[in-house]
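# A closer look at the structure
The primary structure of each chain is shown beneath.
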Amino acid sequence: MAELSKAYEPQLVEDKWYDFWLKQNCFTANPKSAKPAYSIVIPPPNVTGMLHMGHVLNNTIQDILARKARMDGKEVLWLPGTDHAGIATQVMVEKQLKKEEKKTRHDLGREEFLKRVWLWKEKHGDIIINQLKKLGSSCDWTRERFTMDPDYSRCVQKVFVELYKKGLIYRGKRMVNWCPVSQTALSDEEVEMKAQKGFMYHFKVEVAELPGTWLTIATTRPETIPGDTAVAVNPKDPRYTHLIGKHIVRPLPAELPREQKLIPIIGDEHVDFEFGTGVLKVTPAHDKADFDIGTRHKLPLIEVIHADGSMNDLTGADLRGLDRFKARKVAVEKLTEQEALVEAKPYENNVGYSQRADVPIEPRLSEQWFLKYPAVEPSKACVADGRMKFHPDRWAKVYDHWLTNIQDWCISRQLWWGHRIPVWSCVQKKNLPNGPQPHHFANLINLDFSLDDLMVVRISDGVVFSGKEFSTNGENISGEEFNFVLCGDYSEEEAKLLESDHFGFKRDSDVLDTWFSSWLWPFATMGWPEQTETLKKFYPTTDLVTGPDIIFFWVARMIMAGYEFMGEPQFGLPDALPFQNVYFTGIIRDKQGRKMSKTLGNSPDPIELITKYGADALRFGTMRGAPLGQDVMFDEKDVELGRNFCNKLWNACRFRQMQGGEVQGEIHPALLTNDDKWILLKLDAAIRELDTAFAAYKFSDATAALYRFFWNEYCDWYVEASKAVFYGTDDALKANTLAVIDFILSHTLRLFHPFIPFISEELWHGMGFSTDMPEDQGGQTIMYAHWPKPFDADFTAHYGLEACWLDIVNAKYEFVTQGRNLRREGNIPANKKVKFQFKPAAEPTPHDQEVLKILLNAESLEVVAADFQPRKGTPTLRGAIGELFMPLEGLIDVAAEKARLQKEIEKFDSEILKVEQKLANPNFTTKVPAAVLEDHRNRLIEWQAKREHARAALNALEG
RNA sequence: GCGCGGUUAGCUCAGUGGUAGAGCAUUACCUUGACACGGUAGGGGUCACAGGUUCGAACCCUGUAUCGCGCACCA
């Protein structure tokens, strides 16, 4: 290959290899493959979205898993795609419309508006996909899916119809979480409770039947007084029992005649007499709890707030038209004017906020579609009994708790962008065959309708009729006029016919919650409901990687959908788990610990980081700082670390390249130096560490192990020691060392590949490691090279890799460190070569002598005889492998060196004392495991030896 | 209120009972023939606090403090 440049330049490398992988179809999953399957579905990012640090973390982990699985010989499917993200996308397009054309979506109309959304999607929808590619994501792009794809939409529709027919989906008029800004209902999960500072207002009302008797009511929402239809007290509250059944005079709207302002005092157990004044105003149309009270007592409902959060006409002259918060202030003023206000004290309470629009939710009565969750029990059980594993497992408890307490899911949204609810209705006149009747369109439009497929529902109370309610000539004989409701997974063509003037059906105008489509993601993306090759091969998926913030929104619902729709016998899946493992990432925060957000502007643009440092650097840095289960404090320094590391890897390969010689020559056991054996043993340990880390999904451990092995073991010691060989003249030894280096590097690059795919691929080819490999096992790409295995017994025996070599070489390196320390204490500049004298404890090999010389930056290393005595005052080091003397060449600070040795001796003293005390304790010596006892004894000997060495060095300085 | 997580070096974090670790920052020296995105050697920690268990606790137990998160909430 061409000579490597001095510094690694990712921009010259990354796009090139990504294009290569794509062209060679490296990411494409083959369902016909005989290899075992490994699959992941991507958590689909919003189609409107931009890549943020959360995506980086999440997708890097998925890519690591996918690439590792390929190297493990699996057939890998990582299935990508995007989510249509109902509200977010609609809001974005509406904003643009407002900005560019000063129009609202209503100005355009539904059809035209949706055209705009699709245009927007076509234009911007692939931004985030391209960003994922920049990151190196090895997704099978040939299978990219979008939740609004026609196929996918049919899945959503089919699912709705099935659940409807099972009676799990129903329509009802309920209190829902209403977002006045987005003007749609939201599910409970989309409501965020926030502490809010406000006031608790106490106001008094007169009991109508007992003039002069007043009740004081506490409320935080005086603006809803016009909607009050009762006040409630606890029937057991002695202060108020005698008043139940009487009435009070509601103070607002002020202008109403007194008789229209009378509302009853009722008794209800819900009222807590400790709280407030023990008197509760009941606003059934604007509060969930009040609605329940209202139902129990058959209270009238008075709606006083419009959908947009402004007050309606029923609130009277003072409040009408005002925004609800402005109205609150005015209501307080009015109460004050009436001398009804008793006090207003500062008060903090929790208020539900719309997660999307960040405004307080308005509980509102409206007609919505709800889903009774299916397959709840098996979904709970599979996690509880450990068949599906959560990492970290504490999320299992959170999941279980949620599933134990779930309420029906409000799935309809008053939006335009999304899957429209597949329900059509038209009014059926009583006893008149004037409208379209079931058998009519069965005949007329030649569709294969049968009456059993038609769900006929009377909206008023939800009673389901059967087709028998019609006479044979299509007459409605049910005795009353009702809505004829069709729910079916009709094709677009069929729907058009239904909506034609001839039939006059109108489709429900609402769309479904986005999550009602994404909960089908693991199988709807694989061709369901057909029993496709892909489904057969890759479903259930292996791993899911996602954030814990969507554990309820998405993970739990996917599990339920998996059981409900994939548990069927035709799929031959006894266990319908949609995935086997769920990895929950941490949340990425900024340096101050704040969640990354657009509004705070504290989220760095990952693409800028990639441009500046490279995708590998971003990946490696992010993974190193993201321990399992912990939030991540993001710091650009981490990415810098990643870049530095890549550069180190690059230059280590460059060093190898500069030595020339044959690539991947044969390693001769007889020629192995102890340094060779040491680094081979370290490589084996690193492989084992990586396997352990992968098994536990501990990617930060894996990157830390790689970092340590490559930088601190390979580069710092082995490469430096190898210079002793390369600067020498023994060609056989040089060739053998090159072979060892190539062995280490070719293994290391493979270990690195899942984490830093680009640079590892570049070097894999650049170093020539791909040349002798089979095409499908590394010849074409490192992606399919085999993942390194720990050394087996034969290998270890053949190369003589006994564990004792670690100790032997460690002693040598420790000696070097201490020798360098001697230089430093002697104020020898780093670039100055020094003459050392070495008195070895045992006959040293020429290789070891040469290694010591080079690592100590010695001009010479004179081996002296056992009876050699240096001049008094010569700085001396004693270690396990012998003694080192540094004959004085200049002034050395004897006092400082003595102080240092003194301090060292004190440290040794205290360590020795600690161990001695332990060993002197019979409780210790009798109870402790033999290995630990042995450790302590050895440690004592070591410390004592070190102390002796230090004392000797100190002695040598004296005089 | 219930549940979960954190508290270890200046900062960000590892560390599941037996010698307190990493990266960054910092100090000193060094551009030597892979790399200054670098090298070498240092300095720096009563492991939040208090009890308990144990021969031995950063680690296990109990409690406290504090920060963060989730769920549920009383107007």
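Residues numbered from 1 in each chain as written. Chains lettered and ligands numbered in written order. Predicted model: local features only at pLDDT ≥ 70, side-chain atom pairs only at ≥ 80, totals over all residues. Heavy atoms only, no water.

Assigned domains of chain A: these are domain 1 (10–147 + 536–585), domain 2 (195–352), domain 3 (424–506), domain 4 (636–802) and domain 5 (811–957). In this structure, domain 2 and domain 4 have C-alpha centres spaced 75 Å apart. (Domains from an automatic or database assignment.)

The next thing to look at is the side chain of H419. Within the secondary structure, H419 is located in the loop between β17 (412–413) and β18 (423–428). The buried category is assigned to H419, whose relative accessible area is 5%. (Helix = DSSP H or I, 4+ residues; strand = E, 2+ residues; numbered from the N terminus. Buried < 20%, exposed > 50% of the residue type's maximum accessible area, 1.4 Å probe, protein only.)

Packed helices, taken two at a time, are described by the angle their axes make and the gap between the axes. For the pair helix α23 (residues 699–726) and helix α28 (residues 846–855), interaxial distance at closest approach is 8 Å and the crossing angle is 115°. Crossing geometry of α23 relative to α28 is assigned as right-handed. Judged by residue contacts, W717, E720, A721, K723, A724 and V725 of α23 engage H847, E850, V851, I854 and L855 from α28. (Axes fitted to C-alpha atoms, helices over the stretch in contact; angles between N-to-C directions. Left-handed = near helix turned anticlockwise from the far one by under 90°. Contact = heavy atoms within 4.5 Å.)

What follows is about the packing of α23 against helix α24 (residues 731–752). Viewed as axis vectors pointing N to C, α23 and α24 meet at an angle of 165°, and their least axial separation amounts to 11 Å. When the interaxial angle is binned, α23 and α24 end up roughly antiparallel. Both α23 and α24 take part in a crossing whose hand is left-handed. Note on element contacts: α24 touches α23 through L733, K734, T737, L738, V740, I741, I744, L745, T748, L751 and F752, opposite L706, F709, F710, Y714, Y718, S722, V725 and F726. When grouped by side-chain class, the residues that make up the contact of α23 with α24 number 15 nonpolar, three polar and one charged. (Parallel < 35°, antiparallel > 145°, perpendicular 65-115°, else oblique. Nonpolar A, V, L, I, M, F, W, Y, C, P; charged D, E, K, R; others polar.)

Under the criterion given, the structure shown has two cavities of 30 Å³ or more. By volume, the largest cavity is sized at about 40 Å³. Contributing to the lining of the largest cavity are T673, D675, D676, Y718, A721, S722, V725, T737 and H847. Where the lining of the largest cavity is concerned, the elements lending two or more residues are α22 (674–695) and α23. With four residues, α23 is the largest single contributor of residues to the lining of the largest cavity. Looking at the lining of the largest cavity residue by residue, the classes come out as three nonpolar, four polar and two charged. One number sums up the size of the second largest cavity: a volume of about 30 Å³. If you trace the second largest cavity, you find it lined by L57, Y583, F584, T585, G586, A626, P627, L628, G629, Q630 and V632. By residue class, the composition of the lining of the second largest cavity is seven nonpolar, four polar and no charged. (1 Å grid on protein atoms, 1.4 Å probe; cavity = no way out; pocket = protein on both sides within 12 Å on 5 of 7 lines; lining within 4 Å. Points joined across faces, edges and corners; volume = space filled by probe spheres on them.)

Ordered in space as β15-β25-β24, the three strands form an open sheet in which the pairing is parallel. Bordering the open sheet on either side are β15 (389–391) and β24 (541–546), each of which pairs with just one other strand. In this sheet, neighbouring strand axes are inclined to one another by 15° on average, regardless of whether the strands run parallel or antiparallel. Relative to strand β25 (residues 579–584), β24 is paired through five bridges, and the arrangement is parallel. Along β25, the bridge assignment pairs T546 with F584. Contacting β15, β24 and β25, helix α18 (residues 551–566) crosses the sheet at an angle of about 170° to β25. (Pairing = 2+ DSSP bridges.)

For RNA strand B, the set of nearby residues contains 57 residues, the closest of which are N350, M633, N651, Y727 and K927. Expressed as a percentage, the sugar and phosphate content of the atoms of RNA strand B within 4 Å of the protein is 63%. Between a sugar or linking oxygen of RNA strand B and a side-chain N or O atom of R624, the distance comes to 2.9 Å. Residue R939 places a side-chain N or O atom 3.3 Å away from a sugar or linking oxygen belonging to RNA strand B. (Near = heavy atom within 4 Å. Polar contact = N/O pair within 3.5 Å; in protein donor to acceptor, adjacent residues only side chain to side chain.)

Here we take up the sheet that holds strand β12 (residues 279–282). Taken in spatial order, the four strands line up as β10-β11-β9-β12 in an open sheet, and their pairing is mixed. If you trace the sheet from one side to the other, it starts and ends with β10 (247–249) and β12, each paired once. Averaged over all neighbouring strand pairs, the angle between strand axes comes to 35°, with direction disregarded. The sheet contact formed by β10 and strand β11 (residues 262–267) spans three bridges and is antiparallel. The residue bridging H247 from the neighbouring strand is P264, located in β11. Docked against the sheet, helix α8 (residues 288–297) engages β11 and β12, running at close to 85° with respect to β12.

In a regular helix each residue adds 1.5 Å, so 14 residues correspond to 20 Å; helix α10 (residues 324–337) covers 20 Å between its end C-alpha atoms and thus fits that length. Buried within α10 are the following residues: R324, A327, R328, V330, A331, V332, K334 and L335. In the core, the buried residues of α10 are packed alongside β7 (191–206), α9 (316–319), β13 (341–354) and β14 (362–371). Looking at where α10 begins, the residue whose side-chain oxygen comes 3.0 Å from the main-chain nitrogen of F325 is D323. (Expected span 1.5 Å × (residues − 1).)

Bringing the packing of aromatic side chains into the picture now. All told, the structure shown has 59 aromatic pairs when counted by the stated rule. Ring centres 6.1 Å apart and planes at 50° place the aromatic pair W21 and F27 in the tilted group. The same class applies to W21 and to F27, which are both buried. Seen from their ring centres, F791 and F795 are 4.4 Å apart, and the 35° between their planes marks the pair as tilted. Residue F791 is classed as buried on the basis of its relative accessible area, which comes to 10%. One cation-aromatic arrangement involves R624 over Y707; the distance from NZ or CZ to the ring centre is 4.6 Å. Note that K946 overlies the ring of W943, its terminal NZ or CZ placed 5.3 Å from the centroid. (Phe/Tyr/Trp six-rings, centres within 6.5 Å; stacked < 30°, edge-to-face > 60°. Lys NZ or Arg CZ within 6 Å of the ring centre and 35° of its normal.)

The computed volume of the second largest pocket comes to approximately 1,400 Å³. What lines the second largest pocket is a set of 44 residues, among which T220, R221, D287, N349 and N350 lie closest to the centre. Every element with two or more residues in the lining of the second largest pocket is listed here: β5 (169–179), β7, β8 (214–219), β12, α8, α10, β13 and β14. In terms of residue count, β7 provides more of the lining of the second largest pocket than any other element does, eight residues in total. Taken together, the residues of the lining of the second largest pocket sort by class into 18 nonpolar, 15 polar and eleven charged.

A few words now on the nonpolar core. Ranked by internal contacts, the top residues of the largest apolar core, which has 187 residues, are F160, F390, F516, L520 and Y714. In terms of residue count, α23 provides more of this core than any other element does, 15 residues in total. For L520, the residues in contact, after removing those within four places along its chain, are Y152, C155, V156, V159, T525, A561 and F565. One finds I217, V231, I263 and I265 within the second-largest nonpolar core, a separate group that totals 24 residues. (Core = buried A, V, L, I, M, F, W, Y, C linked by side-chain atoms within 4.5 Å.)

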